[in-house]
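Working through the structure, step by step
Each chain, written out:
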Amino acid sequence: MLSPCLIEAKEACFNGCFPGFPQSETAKSITTAASSRYEFENAMISSISPNSRFTNHESIPSLHESLTNFIASFPQFPLTDHADKIRQQHYYHLSSSDHVCLDYIGHGLFSYSQLSSSISIPSTSTTPPSNPNSNSDSNSLFFNVSYKSVSLNSQLQYGAPESDLETNIRRRIMSFMNVSEDEYTMVFTANQGSAFKIVAEAYPFQSHSNVLTVYDYENESVKSMIENCKKKRARIMSAEFVWPGMRIQGRKLQKKLESKRKSKSRRGLFVFPLQSRVTGARYSYSWMRIAEENGWHVLLDATSLGAKDMETLGLSILKPDFLICSFFKIFGENPSGFACLFVKRSSLSVLKDSSMATNTGIVKLVPAVKPSEVSEELSISEIEESEIGDSEMEFKGLDDADKLGLILISTRSRYLINWLINALMSLEHPYSENGHPPIKIYGPKIKFERGPAVAFNVFDWKGEKIDPELVQKLADRNNISLSYGFLRNIWVPDEEEEEREKMLMEGRSGLCVVTVALGFLTSFEDVYRLWSFVSCFLDADFVEKERWRYTALNQNIIEV
């Protein structure tokens, strides 16, 4: 039987994320859902400890005390402990290596236990090898990637013989992404950037001249795509985001989407992520509907979606023309992998062939073979696949996510990301004369419906921002992997004039931030350790002490 929290989470997928569509819930159930959100947010604020304001990193509660307070506020959280069991059994390197991974976006295909068993490490072992990559072949145990010289249109129209390996991986991925083979065709690409570039080169901007993107941060893959679009004389537009919550400025976006022409067949490409991988801001599915109704082709960027998010109700109803997602081999160990580009079969006729659209990143997957297994004069493609056994390949990383399911994963991430934000905001500089907070959150703060990512900056007691790249480096030295990004397309209201002036003083059109992403294997201990690390900046001499210690260990000096 599902707990009330899990039932409410399921209802929220429709009521909170899918406005503008007929709803079967009564007004009473909608009121109950809103009340539950309110109760959740209030409970989250008090989930650390009574009167929780901390001015010293040594004063924050212990891991045990923090977890006890957390569970006292949310007794349903232990219902998600199956994720901890999977992590302990199949991803034990995350605990034994004392490494916190908060910089992964995408989906892991395999588990660490598969890697361990492939290099003769017993899967039942509770201790991973000291360095699995010491085996030079370990990075390519599952498959290798080989580039193909072919255009997207040619690949989709005429195709090429698939190996058993590619067929198995394609079918497993389409099943995981909840995408029908009857409705979509798929190609493998080298990475996310390649997938965007391929679409840009095949899309007919001569007749569909507009590109409209919805990103609150600088995305290098999208940036590269836009450069290709400009070469084809496409008109580039972007949504704007209201500072500091980074919500979409809806009226402006709707105006850009709606066509004033009688004919709506010449609009262009609407590039839309359902949530920001940097701030965690979530966007309504209705923007896809509005775009389709106004004659746009929709490219859904699913690379920032969490495991099983493709099974939400909205994506069961709305079918984008193009969809991009990315996969890596092993979470916390091997980020290499590939991306997938899905094209709706009914939209194939839109794409045009181009002599320039070759060698742009379409790839094939080939079985990985150790050098000792084949003589030098034989290439991999002369090898019989039956000898490699790829038909029996297991995708335990995807299987683990399937076992947990959408509701459990989304519920768990909702608890953890909101607790982390609450914990970060509980920090205060001691004896700060000007009252500047040590942490500023950009994007949604404590909110029931938000993505499992957060963007923030750290400030010293004088109110000066500490370089996000430096924060990342210091975190890395503490075995915590973070990212940093650049917020852009920001609309600053008049009452936030001071913030606009700061950005202009930095000579930037946006703001560089630290960013954290949670996955379905993230544990409470992971977010607690991040909080503990960030609290160290309450010590006014923390950065100098770290630089001295780094030098004392004969390491390279980190420039501040």
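To keep things clear, this report deals only with the structure shown in the data block. (Residues numbered from 1 in each chain as written. Predicted model: local features only at pLDDT ≥ 70, side-chain atom pairs only at ≥ 80, totals over all residues. Heavy atoms only, no water.)

**Some remarks on helix H18 (residues 524-535)**
Taking 1.5 Å per residue, twelve residues should reach 16 Å; H18 reaches 17 Å between its end C-alpha atoms and fits that length. By the criterion of burial, H18 is predominantly enclosed, with ten of the twelve residues buried. Along H18, the residues that are buried comprise Phe524, Asp526, Val527, Tyr528, Arg529, Leu530, Trp531, Phe533, Val534 and Ser535. (Helix = DSSP H or I, 4+ residues; strand = E, 2+ residues; numbered from the N terminus. Expected span 1.5 Å × (residues − 1). Buried < 20%, exposed > 50% of the residue type's maximum accessible area, 1.4 Å probe, protein only.)

**Re the environment of Lys344**
For Lys344, the location among the structural elements is in strand S12 (residues 334-344). Note on Lys344: relative accessible area 16%, which makes it buried. Distance in space between the C-alpha atoms of Lys344 and Val179 is 9.9 Å, their sequence separation being 165 residues.

**Regarding the sheet that holds strand S14 (residues 439-442)**
Taking strand neighbours across the sheet as the criterion, the four strands line up as S14-S15-S19-S17 in an open arrangement whose pairing is antiparallel. Strand pairing shows two members of the sheet lacking a second neighbour, S14 and strand S17 (483-487), which therefore form its edges. Here the average twist between neighbouring strands, direction ignored, is 45 degrees. In the packing of helix H15 (residues 396-425) onto the sheet, contacts are made with S14, strand S15 (453-458) and strand S19 (511-517), and the angle to S15 comes to roughly 15 degrees. (Pairing = 2+ DSSP bridges. Axes fitted to C-alpha atoms, helices over the stretch in contact; angles between N-to-C directions. Contact = heavy atoms within 4.5 Å.)

**A word on the sheet that holds strand S18 (residues 490-491)**
Taking strand neighbours across the sheet as the criterion, the three strands line up as S8-S7-S18 in an open arrangement whose pairing is mixed. With partners counted over all chains shown, the strands left at the sheet margins are strand S8 (247-248) and S18, one partner each.

**With respect to the pairing of strand S6 (residues 235-238)**
Within a regular strand, the side chains alternate between the two sheet faces. Pairing of strand S5 (residues 210-213) with S6 involves four bridges; the strand directions are parallel. Residue Asn210 lies in a different strand from S6, and its bridge partner there is Arg235.

**Looking at unusual backbone geometry**
Backbone geometry follows two general trends: most residues other than glycine have a negative phi, and most peptide bonds adopt the trans configuration. The step from Trp243 to Pro244 runs through a cis peptide bond, and the omega angle for that step is -5 degrees. Tracing the chain through its elements places Pro244 in the loop between strand S7 (241-242) and S8. Positive phi values are uncommon outside glycine, yet Lys308 reaches one of about 75 degrees. As for its position among the elements, Lys308 is in the loop between strand S10 (296-301) and helix H13 (313-317). Since its relative accessible area comes to 5%, Lys308 is described here as buried. Look at Asn489: it is not a glycine, yet its phi comes out positive at around 55 degrees. Inspection of the secondary structure assignment puts Asn489 in the loop between S17 and S18. The partly exposed category is assigned to Asn489, whose relative accessible area is 21%.

**Description of the pattern of salt bridges**
Charged atoms that come close allow side chains of opposite charge to pair. Counted according to the given criterion, the structure contains 20 salt bridges. One salt bridge connects Arg282 with Glu449, and the closest N-O pair in it is separated by 3.3 Å. Here Arg282 is found in the loop between strand S9 (268-273) and helix H12 (286-293), whereas its partner Glu449 is found in the loop between S14 and S15, with 167 residues between them in sequence. Taking the relative accessible area as the measure of exposure, Arg282 reaches 31% and is therefore partly exposed. The salt bridge partner of Arg477 is Glu546, with a shortest N-O separation of 3.5 Å. Separated by 69 residues along the polypeptide, Arg477 in helix H16 (residues 468-477) and Glu546 in helix H19 (residues 542-552) bring together distant segments of the chain. Counted as one network, the salt bridges with shared partners bring together Arg172, Lys308, Glu311, Asp399 and Asp402. (Salt bridge = Lys/Arg side-chain N within 4 Å of Asp/Glu carboxyl O.)

**Overview of the packing of aromatic side chains**
According to the stated counting rule, one finds 34 aromatic pairs in the structure shown. Ring plane angle 70 degrees and centroid distance 5.0 Å describe the contact between Tyr104 and Phe328, whose orientation is recorded as edge-to-face. Of the two residues, Tyr104 is situated in the loop between strand S1 (100-101) and strand S2 (107-110) and Phe328 in strand S11 (residues 322-330); the sequence distance between them amounts to 224 residues. Seen from their ring centres, Phe270 and Phe272 are 5.4 Å apart, and the 20 degrees between their planes marks the pair as stacked. On the accessibility criterion, Phe272 (0% relative accessible area) is buried. Ring-pair connections join several aromatic residues into one group, and the members of that group are Phe40, Phe54, Phe70, Phe74, Phe77, Tyr415, Trp419, Phe448, Phe524, Tyr528 and Trp531. The aromatic ring of Phe143 is capped on one face by Lys329, whose charged end is 4.7 Å from the ring centroid. (Phe/Tyr/Trp six-rings, centres within 6.5 Å; stacked < 30°, edge-to-face > 60°. Lys NZ or Arg CZ within 6 Å of the ring centre and 35° of its normal.)

**Section: the pairing of S19**
Summarising burial for S19: seven of the seven residues are buried, a large majority. The side-chain alternation of S19 yields two buried faces, one formed by Leu511, Val513, Thr515 and Ala517 and the other by Cys512, Val514 and Val516. With four bridges joining them, S15 and S19 adopt antiparallel strand pairing. Looking at the pairing, Val454 lines up with Val516 of S19.

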